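Chain by chain, the residues run as shown.
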Amino acid sequence: MTEASPDGLAEQLRSARQWAGITQEQLAGLSTVSVRAIRDLEQGRVRHPRRETLRLLAGAMRLSDARRAALELAVEGAEAGTVMRETYGAELAPPPQPLRRLVGRTEELRSLTGLLATEHERLLSVVGLAGVGKTRLAQEAALLLHGRDRTPVLWVDMNEAAPPQASGPAASRSPRSALTGWARSLALGGRGLDELASVIRGRATLLVLDGHDAAPHIAPPLLELLHACERLKVLITTREPHRTPGNRMLPLGPLPVPEPEPSDGTGTPLPGESLTAGQPAVELMLSYVGHMRPDLMPGDSLVRTVACLSRALDGVPRAMEAAASWLLLRSPAELLRIARDTPLDVVDDVTAGDTGGEGFAALLAAAVRRLDDAPAALLGDLSMLPDGWSADQAAAGLSRTPAAVVRDVHALMLRGLVRRLPGEEDGAPRFGVLNLVRQHAAERSASLVPASALVS
């Protein structure tokens, strides 16, 4: 016999019975537990319920593993680790369901899921600029593993504040929150190793640390968990590369954008033979425009304007979605002119200050601010060049060695500030600085020694 929190157990039992859609009398008939005992439990009069009684009730209501675990964890004195070891599985640990379908990213998803399916890759990081779609890609990969292989997914949003530590039954009421709480603590270098390892043990599991941007290295307790659980894989989404041995990094750039079309000299695209719709960035931007302005008919002119908008905003989903909100005040052509001249003016919608988080423009500024001086200075110089430069051309123009330029361009690409352009000339890859970061790059480099004067 164990002592229960009357309010916690009563609430859990009432909720479970209502979810099952049965009365107290029906539950009594199905479980062999008396109506009086059920009524007393639901009214919080019983402080010493037998665990067997709870199991009879859970079985009669056909509760899922997660609900069964929650019911048992409402009993004070029930050990969270013991309960979760008995119920741990895909049902207890599902990934979050996305609210929108994934647009584009076919190759990136294939690469990520392929790595997650191998035995030897156990620590992976999806690295890229804020708002580029790292979380959505990780969700899709986690859903595929969960649905196909019934792999438990422990999803931890590292941007959310950790819930306050509670004592007694309130601390263990939700088995999922207990699991993610231990994982969050380990990721930040805290406790939870023994508890989480005892639950996972030899079970194939995917742990996702979404938005783990706080530290440049993986915390030692998290690495210990990987060593203790040989079938555990850890997937991290982050804006900054994690410099940890054995960490496989997957840089995620913006969606591909269409090539520029000829214009009439005022920035308005001229009619052409083919539309640019069907490309992921254009398709996504059209969906944002359609949701915000359903009255706009997606004719040739609008599609071309939207294609130019997606290019001006670098194919970054968050930037395109925010810009589309300004169509309540601007015409598509007006919005395009602003996006081309001062794109940062349209990347934060009017609700940006009300969400409690940083606006997108501030996140872009922070990405540039975190750069070391050498790549920051180089980014400022490169932002003055038109798209399509090669590393050798940049090195020659800035009087720097090709090796130094390649090194720093590599650092900029990992962070999503520079993108590789489609096509090559003379076998040399071509690159461009994102329009969204040019202003921040110029402001940062203005206070630095010019890149051409830095000796590597």
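Residues numbered from 1 in each chain as written. Predicted model: local features only at pLDDT ≥ 70, side-chain atom pairs only at ≥ 80, totals over all residues. Heavy atoms only, no water.

Caption draft 1: Broad picture of the pattern of salt bridges. Within this structure, the stated rule accounts for 16 salt bridges. Salt-bridge contacts for Asp 149 lead to Arg 148; the nearest nitrogen and oxygen are separated by 3.2 Å. A salt bridge links Glu 240 to Arg 370; its shortest N-O distance comes to 3.0 Å. On the criterion of sequence distance, the pair formed by Glu 240 in the loop between strand S4 (232-238) and strand S5 (248-251) and Arg 370 in the loop between helix H16 (360-369) and helix H17 (373-382) is long-range, its members being 130 residues apart. A relative accessible area of 37% means that Arg 370 is categorised as partly exposed. (Salt bridge = Lys/Arg side-chain N within 4 Å of Asp/Glu carboxyl O. Helix = DSSP H or I, 4+ residues; strand = E, 2+ residues; numbered from the N terminus. Buried < 20%, exposed > 50% of the residue type's maximum accessible area, 1.4 Å probe, protein only.)

Caption draft 2: Here's a closer look at the nonpolar core. Ranked by size, the top nonpolar core spans 59 residues in total, and within it Leu 313, Leu 379 and Leu 382 carry the most contacts. Setting aside anything within four residues of it in sequence, one finds Leu 313 in contact with Ala 319, Met 320, Ala 323, Ala 339, Pro 343, Val 346, Val 347 and Leu 436. Among the nonpolar cores identified, the runner-up in size contains 26 residues, and Leu 123, Val 156, Met 158 and Ala 197 belong to it. (Core = buried A, V, L, I, M, F, W, Y, C linked by side-chain atoms within 4.5 Å. Contact = heavy atoms within 4.5 Å.)

Caption draft 3: Inspection of unusual backbone geometry at higher detail. Even without being a glycine, Thr 32 presents a positive backbone phi close to 70°. Its location among the elements puts Thr 32 in the loop between helix H2 (24-31) and helix H3 (35-42).

Caption draft 4: A look at the packing of H16 against helix H20 (residues 435-445). Interaxial distance between H16 and H20 falls to 9 Å at its minimum, and their mutual angle equals 50°. Between H16 and H20, the crossing angle belongs to the class labelled oblique. As H16 runs across H20, the sense of the crossing is right-handed. Contact with H16, carried on its side by Phe 360, Ala 361, Leu 364, Ala 365, Val 368 and Arg 369, involves Leu 436, Val 437, His 440, Ala 441 and Arg 444 of H20 and no other residues of that element. (Axes fitted to C-alpha atoms, helices over the stretch in contact; angles between N-to-C directions. Parallel < 35°, antiparallel > 145°, perpendicular 65-115°, else oblique. Left-handed = near helix turned anticlockwise from the far one by under 90°.)

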